[in-house]
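Below, each chain spelled out in residue letters.
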Amino acid sequence: MGARTTPQIVVLDTGGQYCHLIARRVRELGVHSQVRRASVGAEELAGTKGIIVSGGPSSVYEEGSPRVDPRIFQLGVPVLGICYGMQLMTQELGGVVRPAPSGEFGLAVLHVDDPDKLLVGLGPQEQVWMSHRDAVAQLPPGFRVLAHTDTCPIAAMADLERALYGLQFHPEVIHTRNGLRILKNFVYEICGCAPDWDPAHQLEELEESIRKQVGDRNVLFFLSGGVDSTVAFTLTARALGPGRVHGVYVDTGFMRAGETEFVRDILARFGEGVFSIEDEREEFLSALAGVYEPEEKRRIIGEKFVEVQERILERGPYLGSEWVLGQGTIYPDRIESGGTAHADVIKTHHNRVPGIQRLIEEGRVIEPLAEFYKDEVRAIGRALGLPEELLGRHPFPGPGLAIRCLCSPQGGQPVRLEQGWLLPIRSVGVQGDSRSYRAVLALDALDWADDPRAQATELINRIPEINRVIGWVAGRAFLDQMAVRPATLTRERLERLKAADAVVRRLSQASGFDHQVWQFPVVLIPLGTEEAPDSVVLRPVDSLDGMTAAAVLIPAPLREQMARRLLEIPGICAVFHDLTHKPPATIEWE
Ligand code: XMP
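Residues numbered from 1 in each chain as written. Predicted model: local features only at pLDDT ≥ 70, side-chain atom pairs only at ≥ 80, totals over all residues. Heavy atoms only, no water.

Caption draft 1: Inspection of the overall build of the protein chain at higher detail. Per the secondary structure count, the protein chain includes 16 helices and 25 strands. Here the C-alpha coordinates of the protein chain stretch approximately 75 × 65 × 40 Å along the principal axes. Going through the 590 residues of the protein chain one by one, you find that 57% of them count as buried. A separation threshold of at least 6 residues defines the contact pool for the protein chain, and within that pool the share at least 24 residues apart is 76%. Here the protein chain contributes 62 positively and 79 negatively charged side chains, and the mean placements of these two sets differ by 2 Å. (Helix = DSSP H or I, 4+ residues; strand = E, 2+ residues; numbered from the N terminus. Buried < 20%, exposed > 50% of the residue type's maximum accessible area, 1.4 Å probe, protein only. Contact = heavy atoms within 4.5 Å. Lys, Arg positive; Asp, Glu negative; His and termini not counted. Charge placed at Lys NZ, Arg CZ, Asp CG, Glu CD.)

In structure tokens:
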């Protein structure tokens, strides 16, 4: 399974966020699919049963826009072009692509003119999701129209003879109601694939592959308490027997309350000595003394991690030839792809350790989950009997609570503007393609019933100094009585944040709200009074992959309940709710 088999379906990545989603959907249909660079040579695609060219942000007549090898259309293998992929196919095969009279973004009604094989099983009218500026203006020779929308005369096309298909809309997103049916038609009926992909039922095979790679050596894992590393560790321990696997968990002090105990309980099943905890709390905290700037904080934490890992490697027997390193790397982390650039950047520090580099160079690293998406890793974890409490966890950033505990070198007062209060606190955002670091605006007279997120977006567009808007929920003092005080990362403030985070998590889980959001950071800001110098910001978001995110509103009763409990924590002055989508703000504040 995995690396050993040729995927039946290859998705060529033209830079869209959707390429992974397409590959995931095909896998959900039980067919092994992988993502490759758009420019991969046709000869490298031998043995695949079908090719999908993904959508992407470019325009086919832009200089330097992604291309595919035109020979892929002559392989005799069915090809499905989606959005940009369809336009590329059109251009390569002699049709014409032009800017559409008006771009089309969002839901549209598809009128099926000719179901052929691709649209079989669909009704005469279907809801689809469109996102394009350009469109096919003239079919390439041999093609016919399969479907249209009111604004897009060629919304689906095919050359039956050569089994070449194009869709202007996105079948992979859930808003295209029968999208999965279309992909199923392509994969099974047109390409003739057979089901070959079901990670949860192939544990034996995965374990056999681990045994083969490891031989008679032992495996060391650095564990984070996250899903990936825990599943990889468990799988490996099952494959080799616990005696040959060792897990090290570094306690940085930036973990959530109860985290170390949680990890210890889960791994207790493997018995004594399989797992050890390195207490490095003091080391990390003192490295961050007097550091305020987010990037600086991240850099120091990353470097400290490297140092600690290196020390552990050198101190133990691990650099000897009888050890290999196990890592929880998953598929989107690993492959070269436009859409995952961010993930690559944020995770680099794990792979930069010189000792680890050496192990990689010597081929002494195993990554048992390198072929799988997150959902599949969860399914494997479930099949291994790991608790839902672990598998259903929200993502948690490597630097942990350190980047949710804001510091400030100087004090200052909130400034009253016409629209709200400008806080002397800055947070990170993404505007255009680059990072911004700007002030936060607080709104104190909110009509929660009238969705304040739209107002937040509008304010950020209008006020250039800000990239984030928060709404007042409750407090012991009002904004005109509060100030930002100079603050650093201290044990006291970290404990305050841990307590706040634990309260929010408990109520969020108990109410089921936890399942409605993708992630729910809790942020501490040094805004308050002398007696209660900090405030809490609630930041629930919905997202698919963290690249973009929507702020989610907490239902009123839960919001009030959370605020009441949070204000009982000593040192907390007020509670706010983050109202900003990503972009323009990032999910985390730093
Ligand atoms: P932002 O704040 O960039 O976060 O919108 C997007 C997602 O990435 C997570 N994140 C990290 N994950 N190491 C990680 O493993 C990091 O340094 C890191 N920084 C942000 C963040 O929690 C969110 O899910």
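Caption draft 2: Seen up close, unusual backbone geometry. Put simply, Lys582 and Pro583 share a cis peptide bond, and its omega is -20°. You can see Pro583 is positioned in the segment after strand 25 (572-578). Although it is not a glycine, Cys83 sits at a positive phi angle of roughly 55°. Along the chain, the position of Cys83 falls in the loop between strand 4 (79-82) and helix 2 (84-92). Here the phi dihedral of Ala163 falls at roughly 55°; this positive angle occurs in a residue that is not glycine. Summarising the element assignment, Ala163 is placed in the loop between strand 8 (156-159) and strand 9 (164-167). By relative accessible area, which is 18% here, Ala163 ends up buried.

Caption draft 3: A look at the pairing of strand 25. Within strand 25, seven of the seven residues are buried, leaving the element largely enclosed by the surrounding structure. Of the strand pairs in this sheet, strand 22 (residues 534-538) and strand 25 are connected by four bridges, and their pairing is parallel. Note that in strand 25 the partner of Val537 across the bridge is Phe576. (Pairing = 2+ DSSP bridges.)

Caption draft 4: The site of the ligand, seen in detail. Taken together, 13 residues sit near the ligand, with Arg298, Gln519, Lys582, Ile587 and Glu588 positioned nearest. Here an oxygen atom of the ligand and a side-chain polar atom of Gln519 are 2.8 Å apart. For the ligand, an oxygen atom lies 2.6 Å from a polar atom in the side chain of Glu588. Coverage of the ligand by the protein chains reaches 89% of its 500 Å² of free accessible surface. Among the domains, domain 2 (199-396) and domain 3 (404-578) are the pair contributing at least three residues each to the shell around the ligand. (Near = heavy atom within 4 Å. Polar contact = N/O pair within 3.5 Å; in protein donor to acceptor, adjacent residues only side chain to side chain. Areas by Shrake-Rupley, 256 points an atom, 1.4 Å probe, with all protein chains shown as cover. Domains from an automatic or database assignment.)

Caption draft 5: Representation of the side chain of Gln519 within the structure. Inspection of the secondary structure puts Gln519 in the loop between helix 15 (491-511) and strand 20 (522-525). Classification of Gln519 as buried rests on a relative accessible area of 5%. At 2.9 Å, the side chain of Gln519 forms a polar contact with the backbone oxygen of Pro395. If we skip the residues at most four places from it in the chain, Gln519 touches His394, Pro395, Phe396, Pro397, Arg404, Arg539, Pro540, Val541, Ile587 and Glu588.

Caption draft 6: Local environment of helix 1 (residues 19-28). Counting buried residues along helix 1, eight of its ten residues qualify, which places the element largely inside the surrounding structure. Along helix 1, the residues classified as buried are Cys19, His20, Leu21, Ile22, Ala23, Arg25, Val26 and Arg27. Gly30 lies just past helix 1 and shows a positive phi near 90°.

Caption draft 7: Here's a closer look at the nonpolar core. Among the nonpolar cores identified, the biggest contains 65 residues, and Phe254, Val469, Leu489, Leu538 and Leu566 are the most heavily contacted of them. Here this core gathers at least three residues from each of two domains, domain 2 (199-396) and domain 3 (404-578). Not counting the four nearest positions on each side in its chain, Leu538 is found in contact with Val504, Phe520, Pro521, Ile554, Met562, Leu566, Val575, Phe576, His577 and Asp578. If you look at the next biggest cluster of nonpolar residues, it comprises 41 residues, including Val35, Ala108, Ile190 and Tyr331. (Core = buried A, V, L, I, M, F, W, Y, C linked by side-chain atoms within 4.5 Å.)

Caption draft 8: Summary view of the packing of helix 4 (residues 203-214) against helix 5 (residues 227-240). Relative to each other, helix 4 and helix 5 sit at 75°, their axes nearing to 9 Å. The angle between helix 4 and helix 5 falls in the class roughly perpendicular. Where helix 4 abuts helix 5, its residues Leu203, Glu204, Leu206, Glu207, Ile210, Arg211 and Val214 lie against Leu235, Thr236, Arg238, Ala239 and Leu240. Across the contact of helix 4 with helix 5, the residue classes break down as seven nonpolar, one polar and four charged. (Axes fitted to C-alpha atoms, helices over the stretch in contact; angles between N-to-C directions. Parallel < 35°, antiparallel > 145°, perpendicular 65-115°, else oblique. Nonpolar A, V, L, I, M, F, W, Y, C, P; charged D, E, K, R; others polar.)

Caption draft 9: Spatial organisation of helix 16 (residues 556-567). Its twelve residues place the ends of helix 16 16 Å apart at the C-alpha level, agreeing with the 16 Å of an ideal helix rising 1.5 Å per residue. All buried positions along helix 16 are accounted for by Leu558, Arg559, Met562, Ala563, Leu566 and Leu567. Seen end-on, helix 16 carries its buried residues on one side only, within an arc spanning 160°. Those residues of helix 16 that are exposed and aimed more than 90 degrees away from the buried face are Pro557 and Arg564. (Expected span 1.5 Å × (residues − 1). Arc of directions from axis to C-beta.)

Caption draft 10: Quick peek at the sheet that holds strand 15 (residues 415-416). Within the open sheet, the seven strands sit side by side as 15-16-17-18-25-22-20. Their pairing is mixed. Among the strands making up the open sheet, the edge pair consists of strand 15 and strand 20. For strand 15 and strand 16 (residues 421-431), the ladder comprises two bridges, and the chain directions are antiparallel. Along strand 16, the bridge assignment pairs Arg416 with Trp421. This element, helix 15, spans strand 20, strand 22 and strand 25 of the sheet and lies at about 145° to strand 20.

Caption draft 11: Layout of the environment of Tyr18. You can see Tyr18 is positioned in the loop between strand 1 (9-13) and helix 1. Residue class for Tyr18 comes out partly exposed when judged on its relative accessible area of 25%. Linking Tyr18 and Glu161, residues 143 residues apart in sequence, is a C-alpha distance of 28 Å. Look past the residues within four positions of Tyr18 in its chain and what remains in contact with it is Trp129, His170, Glu172 and Val173.

Caption draft 12: Spatial organisation of the confidence of the model for the protein chain. The share of residues in the protein chain with pLDDT of 70 or more is 95%, and the mean pLDDT across the chain is 92. Below a pLDDT of 50 lies the segment residues 336-352, which in the model reaches 25 contacts outside its immediate sequence neighbourhood of four places, other chains included. (pLDDT = per-residue confidence, 0-100.)

Caption draft 13: Region of the structure containing the side chain of Arg539. Here Arg539 is to be found in the loop between strand 22 and strand 23 (541-543). Under the relative-accessibility criterion, Arg539 is labelled buried at 0%. From its side chain, Arg539 meets the backbone oxygen of Thr586 in a polar contact 2.9 Å long. Contacts of Arg539, omitting those with residues within four sequence positions, involve Arg468, Gln519, Phe520, Pro521, Ala551, Asp578, Thr580, His581, Ala585, Thr586, Ile587 and Trp589.

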